[in-house]
Each structure stands twice: as C-alpha cells, then as structure tokens.
Amino acid sequence: MAFDSLPIMANGITVSTTASSVTYSLPRTRANTPAKIVRVAVDSGLAFIEFGVAPITCTANDILLTSAMPEVFNVAGANSFAVLQFNSTANVNITPLEF
C-alpha cells in the first residue's frame, strides 16, 4: 500500500496554553489561503484544542492532545483555534499541510 504524505510548505505557529481558553488565527498556506488540513503537535504534557470560526472557546470537553503524538485535522471552514492547558502549560504547534 502506497502512502502519500502531505507536504509542509508554510510556517506554522507555536502557542503556549494557559488555564484560560485563548483563541488564535489558524496559520495560512504558502499561497496565503486558509488552511484546510493542519498538523498539530504538543511538546510535553496535555492540552485541549477546538477549531471553528472566531469567536470560539476551548473547554475540557474538546479534543485532548497528548505529547509525542502529532495529529492531523481537517479544518476546512474554520479560521481559528483555541487552546487550554490540561494541568500545566504546554506548547502547541500547528502547521498547515498542502495537497
């Protein structure tokens, strides 16, 4: 079975989580268009994340991210993401993927 990976062609952003939800704009593609697919990684610890159209708020009921386990999300239609710490500060990196 062949596996086609999605290239990373644009810079992502890294944000730190806090005890309160904080909303950020999703990174854009190399062509300066809204990202449709993003790769998300956490450096250590745990964090929650929510995708949507601003304004949004992340809660402890949203997607739980774990360290050392990057994930890929379809974020078509979203322009923002919000993050929240689990029990301590974590850095969340989001990078747009292109196809």
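Everything quoted here is computed from the prediction, not taken from an experiment.

A. The nonpolar core, seen in detail. Grouped together as the largest cluster of nonpolar side chains are 18 residues, with contacts concentrated most on Val38, Val40, Phe51, Val92 and Ile94. Elements with a contribution of two residues or more to this core: β3 (37-42), β4 (46-52), β7 (80-85) and β8 (91-97). Contact partners of isoleucine 94, with chain neighbours within four places excluded, come to Gly12, Ile13, Leu26, Pro27, Val38, Arg39, Val40, Ile49, Phe51 and Phe81.

B. Focus on unusual backbone geometry. Of note, the bond from alanine 54 into proline 55 is cis; its omega dihedral lies within 30 degrees of zero at 5°. Examined against the element boundaries, proline 55 turns out to sit in the loop between β4 and β5 (63-66). Its identity as a non-glycine residue notwithstanding, asparagine 32 has a phi of 60°, on the positive side. You can see asparagine 32 is positioned in the loop between β2 (22-25) and β3. For alanine 68, which is not a glycine, the phi torsion comes out positive at approximately 60°. Take alanine 68: it is sitting in the loop between β5 and β6 (71-74). Relative accessible area serves as the criterion here: at 76%, alanine 68 is assigned to the exposed category.

C. Layout of the environment of serine 80. Positionally, serine 80 belongs in strand β7. Residues serine 80 and valine 22 lie 58 residues apart in sequence; the distance between their C-alpha atoms is 10 Å. The contact partners of serine 80, leaving out residues within four places of it in the chain, are Thr23, Tyr24, Ser25, Leu26, Glu50, Phe51, Gly52, Ala54 and Ile56. A polar atom in the side chain of serine 80 sits 2.8 Å from the side chain of asparagine 79.

D. View of the packing of aromatic side chains. Within the structure shown, the criterion is met by three aromatic pairs. Centre to centre, the rings of phenylalanine 48 and phenylalanine 86 are 5.7 Å apart; their planes meet at 45°, and the pair counts as tilted. In this pair, phenylalanine 48 is assigned in strand β4 and phenylalanine 86 in the loop between β7 and β8, connecting sequence segments 38 residues apart. Given the relative accessible area of 40%, phenylalanine 86 is considered partly exposed. Where phenylalanine 51 meets phenylalanine 73, the ring centres are 5.3 Å apart and the plane angle is 45°; that geometry is what we call tilted. Here phenylalanine 51, found in strand β4, pairs with phenylalanine 73, found in strand β6; they are 22 residues apart in sequence, far enough to count as distant. Judged on exposure class, the residue phenylalanine 51 and its partner phenylalanine 73 are both buried.

E. Just the sheet that holds β6, in detail. Overall, antiparallel pairing links the four strands, which are arranged β1-β8-β3-β6 in an open sheet. In this open sheet, the two strands that pair with only one neighbour each are β1 (13-16) and β6. On average, adjacent strands in this sheet sit at an angle of 25° to one another, irrespective of strand direction. Sheet topology note: the β3/β8 ladder contains six bridges and is antiparallel. Within β8, the residue paired with isoleucine 37 across the bridge is leucine 97.

What counts and what doesn't
- Residues numbered from 1 in each chain as written.
- Predicted model: local features only at pLDDT ≥ 70, side-chain atom pairs only at ≥ 80, totals over all residues.
- Heavy atoms only, no water.
- Core = buried A, V, L, I, M, F, W, Y, C linked by side-chain atoms within 4.5 Å.
- Buried < 20%, exposed > 50% of the residue type's maximum accessible area, 1.4 Å probe, protein only.
- Helix = DSSP H or I, 4+ residues; strand = E, 2+ residues; numbered from the N terminus.
- Contact = heavy atoms within 4.5 Å.
- Polar contact = N/O pair within 3.5 Å; in protein donor to acceptor, adjacent residues only side chain to side chain.
- Phe/Tyr/Trp six-rings, centres within 6.5 Å; stacked < 30°, edge-to-face > 60°.
- Pairing = 2+ DSSP bridges.
- Axes fitted to C-alpha atoms, helices over the stretch in contact; angles between N-to-C directions.

Take it as geometry only, folks, not as evidence of what the structure does.
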